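Survey of secondary and tertiary structure
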Amino acid sequence: MNNIWGDMAQYDPVVWNWIIAVYLFMAGLSAGSVLIGIGMRWYSKDKQTESAILKASAIIGPVAITLGLACLVFDLTKPFHFWLILINYNFDSVMAIGVAALLAYSPLGIAYSIIVLRDELPKWKLGFLVPISHMLMPFRTMIEILLFILAVGVGAYTGFLISAMNAYPMLNTAILPALFLASGLSAGAAGNLIVALTCFNSSAYDDDMSKLHGLDLPVIITEMMFLVMLFTSLYFTGGAAAQALASLTQDIWASVFWYGVVGIGFCIPILSMLLPSKARHTKAMMLTVACCSLTGVLALRHFIIYAGQTYVS
């Protein structure tokens, strides 16, 4: 135990800590959930019925981004002055652009949720919102398209935000936005699956659930590809950038990467695909794999934030 606390002590000076890692995770989860939900609706032949996946995304989208923004606000030196960010914009700043995108994304996400969940609202004693959903219904297509575009921006923005930190080789790379968007899709798919199965009594054998479950492998492969690109670019850049590769072999963050990201986030979902179809598509197995995917994405955010700021020389 003393060794662990000794290892952690050297990470105290980091500029961005676990609160920012959780914010990045929540923003990615929200964006990924919305992209998966809307994307599957567009792909579906039945656009009149609100699927359990879409309903799940309508809950996760606004809730996750709200929790993420709360983390961001309380990380400020003066959290109760956060409103100043909303009225002072410098569009040469990545953060200012991101705040503007979030300012549009959040209310659009809530509006879209009211539309999608209109039949559920009375059950939750929120029936007073039903008239609003009817008012918004004629604008559904426009809201949907704008929300999808903004979700892509929010998912990638989390990577752009930390890639602007020029002093840190692992963070200052154009690969991060793509990596964070891909991992956000992984988290969004997992989150949608969990909520659809537990809150909307969706069957593990539904066609939509099978399609969603089928996204695991291509998304994981994409994440792995971007990670390989990230570490390869560090290696061939040399100097301080190459020294950042020590994060894969030293101290606690190497364990977070290999056990959390690779072991739990990648290997368990991939190995589950080797199971017989009947066992793989049980509710318990699908929930387990989804939880592993979420754990892996959360571990990845922490690894990038902490290791990226620690291994700089």
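Up top is the structure these notes are about.
Presented here is a report on the structure given in the accompanying data block. (Residues numbered from 1 in each chain as written. Predicted model: local features only at pLDDT ≥ 70, side-chain atom pairs only at ≥ 80, totals over all residues. Heavy atoms only, no water.)

Together, Trp42, Ile145 and Ile149 give the surface a local cluster of nonpolar side chains, amounting to about 290 Å² of exposed area. Tracing the chain through its elements places Ile145 in helix α7 (residues 140-163). The exposure class assigned to Ile145 is partly exposed, which follows from its relative accessible area of 41%. (Patch = residues over 30% accessible without salt bridge, like charges linked within 9 Å, V, L, I, M, F, W, Y side chains within 5 Å. Areas by Shrake-Rupley, 256 points an atom, 1.4 Å probe, with all protein chains shown as cover. Salt bridge = Lys/Arg side-chain N within 4 Å of Asp/Glu carboxyl O. Helix = DSSP H or I, 4+ residues; strand = E, 2+ residues; numbered from the N terminus. Buried < 20%, exposed > 50% of the residue type's maximum accessible area, 1.4 Å probe, protein only.)

This part takes up unusual backbone geometry. Most of the time, phi is negative for any residue but glycine, and the peptide bond is trans. Of note in this structure, Lys125 is not a glycine but carries a positive phi near 60°. We classify Lys125 as exposed; its relative accessible area is 73%.

Here the focus is the nonpolar core. Core analysis: the biggest nonpolar cluster contains 91 residues, and Ile162, Phe231, Phe303 and Ile304 have the highest contact counts within it. Ranked by the residues each element gives to this core, the list is headed by helix α2 (residues 18-43), at 15 residues. (Core = buried A, V, L, I, M, F, W, Y, C linked by side-chain atoms within 4.5 Å.)

On to the packing of helix α8 (residues 175-199) against helix α10 (residues 216-237), then. Orientation of α8 relative to α10, taken along the N-to-C sense of each, is 155°, at an axis distance of 9 Å. Here α8 is positioned roughly antiparallel relative to α10, judged by the angle of their axes. Relative to α10, α8 is oriented so that their crossing is left-handed. Across from Ile175, Ala178, Leu179, Ala182, Ser183 and Ser186 in α8, the residues of α10 making contact are Val219, Thr222, Glu223, Phe226, Leu227, Met229, Leu230 and Ser233. Each residue belonging to the contact of α8 with α10 can be placed in one class, and the counts come to nine nonpolar, four polar and one charged. (Axes fitted to C-alpha atoms, helices over the stretch in contact; angles between N-to-C directions. Parallel < 35°, antiparallel > 145°, perpendicular 65-115°, else oblique. Left-handed = near helix turned anticlockwise from the far one by under 90°. Contact = heavy atoms within 4.5 Å. Nonpolar A, V, L, I, M, F, W, Y, C, P; charged D, E, K, R; others polar.)

We now examine the environment of Phe25. Among the structural elements, Phe25 can be located in helix α2. For Phe25, a relative accessible area of 9% translates into the label buried. Separated by 133 residues in the primary sequence, Phe25 and Thr158 have C-alpha atoms spaced 8.8 Å apart. Setting aside chain neighbours within four positions, we find Phe25 in contact with Ala187, Leu294, Val297, Leu298 and Arg301.

Turning our attention to the pattern of salt bridges. According to the stated counting rule, one finds six salt bridges in the structure shown. Ionic pairing is found between Glu144 and Arg41, a salt bridge with its closest N-O pair at 3.0 Å. With Glu144 in helix α7 and Arg41 in helix α2, the pair connects residues that are 103 residues apart, well separated along the chain. Of the residues examined, Glu144 reaches a relative accessible area of 3% and is grouped as buried.

Further remarks concern the packing of aromatic side chains. To describe a pair of aromatic rings, one takes the distance between the centres and the angle between the planes. All chains considered together, the criterion is met by seven aromatic pairs. An angle of 85° between the planes, with centres 5.5 Å apart, marks the rings of Phe231 and Phe257 as edge-to-face. Placement of Phe231 in helix α10 and of Phe257 in helix α12 (residues 251-272) is noted, with a sequence separation of 26 residues between them. Taking the relative accessible area as the measure of exposure, Phe257 reaches 4% and is therefore buried. With 5.1 Å between their ring centres and 85° between their planes, Tyr235 and Phe236 make a pair best called edge-to-face. For Tyr235, a relative accessible area of 54% corresponds to the exposed category. Overall, the relative accessible area of 67% leaves Phe236 in the exposed class. Every member of this aromatic cluster is reached through a ring pair, and the members are Phe231, Phe257, Trp258 and Phe303. The lysine or arginine in question, Arg301, covers the ring of Phe180, its NZ or CZ lying 4.1 Å from the ring centre. (Phe/Tyr/Trp six-rings, centres within 6.5 Å; stacked < 30°, edge-to-face > 60°. Lys NZ or Arg CZ within 6 Å of the ring centre and 35° of its normal.)

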